[in-house]
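Here is what each chain is made of, one letter per residue.
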Amino acid sequence: MGKFSDIKKTIDDGAGEGATRKIDVSDFAPVSGSIGRDPSRDDEIADRIARKHGLPGEPVSRVKLVRGSVVMDKVFVQGPITTINRFKELCNDRGGITYAEALKLLLDRYDETN
Amino acid sequence: MPVIAAANSKGGAGKSTLIMVLACALAEHGASVTVIDADPQRTIGGWSDAADKLPVKVRYDVDEDSIRKVIEEEARKAQFVLVDIQGRASRLMSRVLMACDLALIPLSPSECDADPAARTVELIMECGADSRREIPFRIVFNRTNPSIATTSEREIIADIREAGFPLLKGHLHDRQAYRLMYSRKCSLFDLDETKVSNLDKAKINSQELLEEILTVLREGKTEVVPVIGAEAE
Ligand SMILES: Nc1ncnc2c1ncn2[C@@H]1O[C@H](COP(=O)(O)OP(=O)(O)OP(=O)(O)O)[C@@H](O)[C@H]1O
Ligand SMILES: [Mg+2]
């Protein structure tokens, strides 16, 4: 496939300085059937590679926290954004409880089941 | 038909700008174009929502589950489908890479940007290897100064050459027009000549880049499909 040298020529060919010329695009047409590959197999491969590299499944956007109360002490938690998002969502879902309250909730739950 | 994606897990590398510029240049030359904005930031979606008229169709009603379907759908309607994705590697990104005919990796000429671009290349090659289909890609320098190449630009070019990765000869230059087409919510070709410095140069730059990309796509079209059980001569 095109290494550096393959494409050197392209732009020099008839690139008239200054003028904007017409570019012919008529040899490109919409496809009639599919784009020619098996979508489910492609997605399978894509997902396997994503998993292998730990690429997140959902669009990565920070979950906004809606909470009012005060946190009594500070812990700095760094981790995958998916985990942090889940944690924030839990806070949101419980009506905007604090991290400390959510943590207590999880710890209580943990105590109950162990 | 060709599905062209801009990918680079480095944020702000110029993916959306490159896609918008190419889309406008294609439309200017009479091509039908659909841009699929698959970035949850909806940069291009915002551009099109606020624009009075754009010469391209923009879709952003996609997520990772629908992206492939939407790409296929649009490839049946438009001559060119351009896909913009977010500046962070994700499962959606690998799904788009598997669906595209050409991946463009915009790269700003600074050392700290080379690393994420290299990882994006790696990901593309891995997708290609797993599917036994070479996924064509090109690195595209972005925001370069047309008159002088910086030291780091030259160093990165040397590095890319040494690695044997394909780099477009043309760059997307740093042009005010590329910022203004976004902030003024219009096509590059609908900007007011009198109010944008070097607009003519930006247009020429976009067309030269487009021509080079079309050549790459044409090379890809003539390429043979996997030679499994090919007949002997
Ligand atoms: N060639 C250029 N000339 C002038 N400005 C540019 C150019 N390329 C990018 N920019 C500006 O740099 C900023 C980032 O570019 P852009 O949004 O295209 O990057 P991106 O890779 O899409 O970012 P993200 O990863 O956040 O999606 C924008 O403000 C854009 O206008
Ligand atoms: Mg973008």
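What you are looking at is a predicted structure, and each value in this text was computed from that prediction instead of being measured.

Asker: Got a minute to help me understand the overall build of chain B in this structure?
Answerer: Counting its regular elements, chain B contains eight helices and seven strands. Radius of gyration (C-alpha) of chain B: 17 Å, near the 17 Å computed for a compact globule of 233 residues. Overall, chain B is about 60 × 45 × 35 Å in size when its C-alpha atoms are taken along their principal axes. Counting across all 233 residues of chain B, residues that qualify as buried make up 60%. Across chain B, the fraction of contacts at a sequence separation of at least 24, relative to all contacts at a separation of at least 6, is 74%. Surface accessibility of chain B: about 9600 Å² in total, with carbon and sulfur atoms responsible for 49%. The average position of the 30 basic charges and that of the 37 acidic charges among the side chains of chain B differ by 4 Å.

Asker: Is there a simple way to think about the pairing of strand 1 (residues 3–6) of chain B in this case?
Answerer: Residue and element names in this part refer to chain B. Residues Val 3 and Ala 5 of strand 1 are buried on one face, and the alternating residues Ile 4 and Ala 6, pointing to the opposite face, are buried as well. Looking at chain direction, strand 1 and strand 4 (residues 80–84) are connected through four bridges and run parallel. Pairing of Ala 6 across the sheet is with Asp 84, part of strand 4. For strand 1 and strand 5 (residues 102–107), the ladder comprises three bridges, and the chain directions are parallel. Counted as the bridge partner of Ala 6 is Leu 104 from strand 5.

Asker: Any chance you could explain the site of ligand 1 here in plain terms?
Answerer: Residues and elements named next belong to chain B. If you check the shell around ligand 1, you find 18 residues, and the closest are Lys 15, Ser 16, Thr 17, Asn 142 and His 173. Within the side chain of Thr 17, an N or O atom sits 2.5 Å from an oxygen atom of ligand 1. When ligand 1 is considered free in solution it has 630 Å² of accessible area, and contact with the protein chains removes 82% of it. If you tally residues by element for the shell around ligand 1, the top one is helix 1 (residues 15–28), at three residues.

Asker: Before we go on, may I ask you to explain the state of the cysteines in this structure?
Answerer: Here, disulfide denotes a covalent bond that connects the sulfur atoms of two cysteines. As enumerated under the stated definition, the model contains zero disulfides over all chains in all. Summary of cysteine pairing: B:Cys24 is not part of a disulfide, and the nearest cysteine sulfur, belonging to B:Cys186, is at 8.0 Å.

Asker: Any chance you could explain the pattern of salt bridges here in plain terms?
Answerer: Between side chains of opposite charge, pairing is possible as soon as their charged atoms come close. Residue and element names in this part refer to chain B. Tallied over the full model, the rule gives 23 salt bridges over all chains. In this structure, Asp 113 and Lys 10 form a salt bridge, with 3.1 Å as the shortest nitrogen-oxygen distance. One end of the pair, Asp 113, is in helix 5 (residues 111–131); the other, Lys 10, is in the loop between strand 1 and helix 1, and 103 residues separate them in sequence. Among the ionic pairs, Glu 74 bridges to Arg 59, the shortest N-O distance being 2.8 Å. Note that Glu 74 is positioned in helix 3 (residues 67–75) and Arg 59 in strand 3 (residues 57–59), a separation of 15 residues in sequence. A single burial state applies to Glu 74 and to Arg 59, both of which are buried. If you follow the salt bridges from partner to partner, you end up with Lys 57, Arg 59, Asp 61, Glu 73, Glu 74 and Lys 77 in one network.

Asker: Mind showing me how you'd approach the environment of B:Ala99 here?
Answerer: Examined against the element boundaries, B:Ala99 turns out to sit in helix 4 (residues 91–99). Once residues lying within four places of it in the same chain are set aside, the contact partners of B:Ala99 are A:Ile35, A:Arg37, B:Val3, B:Arg68, B:Ile71 and B:Arg133.

Asker: Sorry, what's going on with the environment of B:Arg138 here?
Answerer: Residue and element names in this part refer to chain B. Assignment of secondary structure puts Arg 138 in strand 6 (residues 137–144). Residue class for Arg 138 comes out buried when judged on its relative accessible area of 0%. Distance from Arg 138 to Leu 102, taken between C-alpha atoms, is 7.6 Å for residues 36 residues apart in sequence.

Asker: Please explain helix 2 (residues 39–52) of chain A as it appears in this structure.
Answerer: The α-helix advances 3.6 residues per turn, and as a result positions three or four apart in sequence lie on the same side. End to end, helix 2 of chain A covers 20 Å across 14 residues, agreeing with the expected 20 Å (1.5 Å per residue, within 8%). Along helix 2 of chain A, the positions that sit buried rather than exposed are A:Asp42, A:Asp43, A:Ile45, A:Ala46, A:Asp47, A:Ile49 and A:Ala50. As for helix 2 of chain A, its buried residues are in contact with helix 3, helix 4 and helix 5 of chain B. With a side-chain oxygen positioned 3.1 Å from the backbone nitrogen of A:Ser40, the residue opening helix 2 of chain A is A:Asp38.

Asker: So what exactly am I meant to see when it comes to the packing of helix 1 of chain B against helix 7 (residues 176–183) of chain B here?
Answerer: In helix packing, the relevant descriptors are the interaxial angle and the interaxial distance, both defined with respect to the helix axes. All names here are of chain B. At their nearest, the axes of helix 1 and helix 7 sit 10 Å apart, and the two run at 85° to each other. In this view, helix 1 runs roughly perpendicular relative to helix 7, as classed from their interaxial angle. Along its contact with helix 1, which presents Thr 17, Met 20, Val 21 and Cys 24, the element helix 7 presents Tyr 178, Met 181 and Tyr 182. Per-class residue counts for the contact of helix 1 with helix 7 are six nonpolar, one polar and no charged.

Asker: Any chance you could explain the confidence of the model for chain A here in plain terms?
Answerer: When pLDDT is low, close inspection of the predicted coordinates is not appropriate. When the pLDDT values of chain A are averaged, the result is 77; 68% of them are 70 or greater. Taking the mean pLDDT of every element in chain A, the minimum, 40, falls on helix 1 (residues 4–12) of chain A and the maximum, 94, on helix 2 of chain A.

What counts, and at which threshold
- Residue numbers here run from 1 along each chain, matching the order of that chain's written sequence.
- Here every chain gets a letter starting at A, and every ligand a number starting at 1, in the order they are written.
- Totals for whole chains, interfaces and linings use every residue, but because this is a predicted model, local features are given only for residues with pLDDT of at least 70 and side-chain atom pairs only at 80 or more, for both listing and counting.
- Values reported for side chains reflect all heavy atoms of the structure, with hydrogen atoms and water molecules removed beforehand.
- Runs of H or I in DSSP of at least four residues are treated as helices and runs of E of at least two as strands, each being numbered from the N terminus.
- In this description the radius of gyration comes from C-alpha coordinates, and the expected globular size is given by 2.2 Å times residues to the power 0.38.
- Between buried and exposed lies partly exposed: a residue is buried under 20% and exposed over 50% of the maximum accessible area for its type, with that area taken using a 1.4 Å probe on protein chains only.
- Throughout, a contact is declared for two residues whenever any of their heavy atoms are within 4.5 Å.
- For the accessible areas, the method is Shrake-Rupley and the probe is 1.4 Å, while residue cover comes only from the protein chains on display.
- The sign given to each residue is positive for Lys and Arg and negative for Asp and Glu; His and the chain ends receive no count.
- Every charge is mapped onto a representative atom, which is NZ of Lys, CZ of Arg, CG of Asp or CD of Glu.
- Only strands that DSSP links by at least two bridges are regarded as paired with each other.
- Any residue with at least one heavy atom within 4 Å of a molecule or strand is counted as near it.
- Think of a polar contact as two N or O atoms within 3.5 Å of one another; within protein, one of them needs to be a possible hydrogen donor and the other a possible acceptor, and neighboring residues in sequence only count if both atoms come from side chains.
- Disulfide: a pair of cysteine sulfur atoms within 2.5 Å of each other.
- The salt bridge criterion pairs a side-chain nitrogen of Lys or Arg with a carboxyl oxygen of Asp or Glu, the two atoms within 4 Å.
- What a helix should span is 1.5 Å times the count of its residues minus one.
- Interaxial angle, 0 to 180 degrees, is taken between N-to-C directions of lines fitted to C-alpha atoms, where a helix line uses only the stretch in contact.
- We call two directions roughly parallel when the angle between them is under 35 degrees, roughly antiparallel when it is over 145, roughly perpendicular when it lies between 65 and 115, and oblique otherwise.
- Ten residue types, Ala, Val, Leu, Ile, Met, Phe, Trp, Tyr, Cys and Pro, are classed as nonpolar, four, Asp, Glu, Lys and Arg, as charged, and the remainder, Gly among them, as polar.
- Confidence of the prediction at every residue is given by pLDDT, a number between 0 and 100.

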